[in-house]
Amino acid sequence: MQQAREVVRDYIEAVFGRARTPMEPLNYEVDWADQPSRHKSYPGASRLPLPAELPELPTLRDLHTGENLPPTAGWSLAGLAALLRLSYGVLDRRMTVNWNQDVAKRAHFEHAVWGRGTASGGGMYPMELYLVVGAGGPLLPGVYHYHTGAHVLERLLLGDVTGTVRAALGADDPGTAGGSYLLAGVRFWKNSFKYNSFCYHVVTQDLGALLGSWDLLAPALGVPLRRLLCFDPAPLDRLLDLDSDAESVFAVVPLDWTGVDTRPPVAPADALAEVRARHPAFERSRRVRDFPAVTAVHRAAAAPAVPAPDTVDAAAPRDLPGEPVALPAPQLDRLGRPLSTVLARRSSSFGRFRRPPELTAADLGTTLAFAAAARRYPADVKRPDGGPELTRLWVFANHVEGLPGGGYAYCERRHALLPAGPEPEDGMSAFLQQQYFLTNYTMGQVGAVLAISGRPDAVLDVFGPRGYRILNAEVGSVAQRAYCAATAQRLGCGAVLGFDNVAMNTALGLDGTDERTVLFLLLGRHPESTADLAYRL
């Protein structure tokens, strides 16, 4: 376990220092002509069309306040179909005129951008979703794969194998045993072909973004949802006939169907060991590469985490001193758009930020309040109240009306900002541009940069090597809610990993602590008139 922990720590150090010391392999070139398909498929499997009609859902305001939500009941096939499509299915084709480098080729069909409700690093969408149905569900018992492009289920196996899932979870109590299970896995090549060794950092945040969408959709649909992250993935990978180094299950969500209470006893694990899906998946790439750093950190982080309940608080960020700067109360009326509309219109800003008008402190405060709520969620790594929070939100105030430039920590309890650092001598815009090593954003047009931080060493001490995945999953969930809050307010938002983390940590006064910035979100305004096309599917 100690050796695995050191492997994860070494990988984290390489990730956070990559702006100064590039990660191996050096001079890697992406072969776009041989990229994998964006939609995994099983050509030999039977396809079951899912309901296409989407229900009317509550607004973001209702989800934030807990008002006007449907009563909690069991899952239905229509509800599951809505969850899958709005979170990870294809919703529209998008084309935007801006100055980003690849905008010209996006007008051509083979390079089209297909919008989805959940954000993904680089638009790669490496998550794969599987449904394991038990007796009494709305489908024949078996294993199914969700085809994100066609919005269908592909049947990979017939028969009730939910005992395999329960055995892997160690969940023999009614509190975590469901009639069926939704499995979220990562197919690394769908991301690593672009990001090579950096892949694992990106895909673990993609997992969190997907779970963040589910955390919003579940109460909107009136169904329970609890994410399970501490389990042995090996039996589940075998069940799905996966090479664990290439694709592996990262999260499990138990599903209980409406009017069904089916919890058969756990079958002996050895009796189910040879039962597995046998349909081969289609692979578009002629050459699939693996990257030793990704394989090593994935094997290390796959070790199941079983934290003691009285130790999880040790991984939470520590309280900060300082005289708070009050923020305007969250403008919840600006979150009055239905969740389905918000997810359908969520997008990354790229080259579209424009000012004036300036971002306001009310815009910022509303986004922070909604995003911070993502840090509390039902999970096996949390207390019953959803705590503790493993992350913290920070603000680099750049052009925010009514807020002096500088660095701040966000205190959700007081809905206030705690000063963390003065504005740099050359101005915040110049500082941010200097620390950003990509070319797809102009920081002078950005209102504020939000930073999501955590304590990787403390999380590893509490959860073991699996803690890296757990921390990044929360980071991704916060980012997804920030996207949704910005979309509802008609603000621009873009998640980026291209800052020099070391310099950003120093600017926030984090040197000498074990807290580090993990992901950044740019927040600002778009021009009123834009030449955009969105073809809704």
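Residues numbered from 1 in each chain as written. Predicted model: local features only at pLDDT ≥ 70, side-chain atom pairs only at ≥ 80, totals over all residues. Heavy atoms only, no water.

Trainee: How should I be thinking about the environment of Glu323 in this particular structure?
Mentor: Along the polypeptide, Glu323 turns up in the loop between helix H9 (292-301) and strand S9 (325-326). The exposed category is assigned to Glu323, whose relative accessible area is 65%. Setting aside residues up to four positions removed in sequence, Glu323 forms contacts with Leu417, Leu418 and Pro419. (Helix = DSSP H or I, 4+ residues; strand = E, 2+ residues; numbered from the N terminus. Buried < 20%, exposed > 50% of the residue type's maximum accessible area, 1.4 Å probe, protein only. Contact = heavy atoms within 4.5 Å.)

Trainee: Just to check I follow, could you spell out helix H6 (residues 199-221) for this structure?
Mentor: The α-helix winds at 3.6 residues per turn, so residues separated by three or four positions along the chain end up facing the same way. Taking 1.5 Å per residue, 23 residues should reach 33 Å; H6 reaches 33 Å between its end C-alpha atoms and fits that length. Counting buried residues along H6, 21 of its 23 residues qualify, which places the element largely inside the surrounding structure. Trailing H6 by a residue or two, Gly222 shows a phi angle of about 75°, which is positive. (Expected span 1.5 Å × (residues − 1).)

Trainee: Mind showing me how you'd approach the sheet that holds strand S14 (residues 416-422) here?
Mentor: Neighbouring strands of a sheet are bound in pairs by backbone hydrogen bonds; such pairs are parallel or else antiparallel. The antiparallel open sheet is built from seven strands, whose spatial order is S9-S14-S13-S11-S15-S17-S16. On the outer flanks of this sheet lie S9 and strand S16 (492-496), each paired with one strand and no other. In this sheet, strand S17 (residues 516-524) lies alongside S16 in antiparallel orientation, the contact comprising five bridges. The residue bridging Val496 from the neighbouring strand is Phe520, located in S17. Each of strand S11 (391-397), strand S15 (448-454), S16 and S17 touches helix H14 (residues 467-488); the most contacted strand, S17, lies at about 10° to it. (Pairing = 2+ DSSP bridges. Axes fitted to C-alpha atoms, helices over the stretch in contact; angles between N-to-C directions.)

Trainee: Would you mind showing me how to read the packing of helix H13 (residues 456-463) against H14 here?
Mentor: To describe two helices that pack against each other, one gives the angle between their axes and the distance between the axes. At a minimum axis separation of 8 Å, H13 and H14 run at an interaxial angle of 125°. With respect to H14, the element H13 is oriented oblique. Seen along the crossing, H13 lies across H14 with a hand that is right-handed. Note on element contacts: H14 touches H13 through Gly467, Tyr468, Ile470 and Leu471, opposite Pro456, Val459, Leu460 and Phe463. Looking at side-chain class alone, the contact of H13 with H14 contains seven nonpolar, one polar and no charged residues. (Parallel < 35°, antiparallel > 145°, perpendicular 65-115°, else oblique. Left-handed = near helix turned anticlockwise from the far one by under 90°. Nonpolar A, V, L, I, M, F, W, Y, C, P; charged D, E, K, R; others polar.)

Trainee: Help me out: how do you make sense of the packing of aromatic side chains in this one?
Mentor: In this description, a pair of aromatic rings is defined by centroid distance and the angle of the planes. Using the criterion set out here, one finds 17 aromatic pairs in the structure. When the ring of Tyr11 is compared with that of Tyr200, the centres are 6.4 Å apart and the planes differ by 85°; the resulting orientation is edge-to-face. In this pair, Tyr11 sits in helix H1 (residues 2-16) while Tyr200 sits in helix H6, placing the two residues 189 residues apart along the sequence. Accessibility classification places Tyr11 together with Tyr200 in one group, the buried group. Taken together, the aromatic side chains of Phe350, Phe353, Tyr436, Tyr441, Phe499 and Phe520 make up a single cluster linked through ring pairs. The aromatic ring of Phe198 is capped on one face by Arg18, whose charged end is 3.7 Å from the ring centroid. Here Arg481 stacks its cationic end above the ring of Phe370, 3.9 Å away from the centre of that ring. (Phe/Tyr/Trp six-rings, centres within 6.5 Å; stacked < 30°, edge-to-face > 60°. Lys NZ or Arg CZ within 6 Å of the ring centre and 35° of its normal.)

Trainee: It is not clear to me how the packing of helix H11 (residues 361-372) against H14 should be interpreted in this structure. Could you clarify?
Mentor: Packing of H11 against H14 leaves a shortest axis separation of 8 Å and a crossing angle of 140°. Considering their axes alone, H11 and H14 lie oblique with respect to each other. Judged by the sense of rotation from one axis to the other, the crossing of H11 with H14 is right-handed. Along its contact with H11, which presents Thr367, Phe370 and Ala371, the element H14 presents Val478, Arg481, Ala482, Cys484 and Ala485.

Trainee: Explanation requested: unusual backbone geometry in the structure shown.
Mentor: Excluding glycine, a negative phi dihedral is what most residues carry, and trans is how most peptide bonds are arranged. The omega torsion across Glu24 and Pro25 is 0°, close enough to zero to call that bond cis. Mapped onto the elements, Pro25 comes out in the loop between H1 and strand S1 (46-49). Cis geometry is found at the peptide bond from Arg355 to Pro356, where omega equals 0°. Despite not being glycine, Tyr125 has its phi angle at roughly 50°, a positive value.

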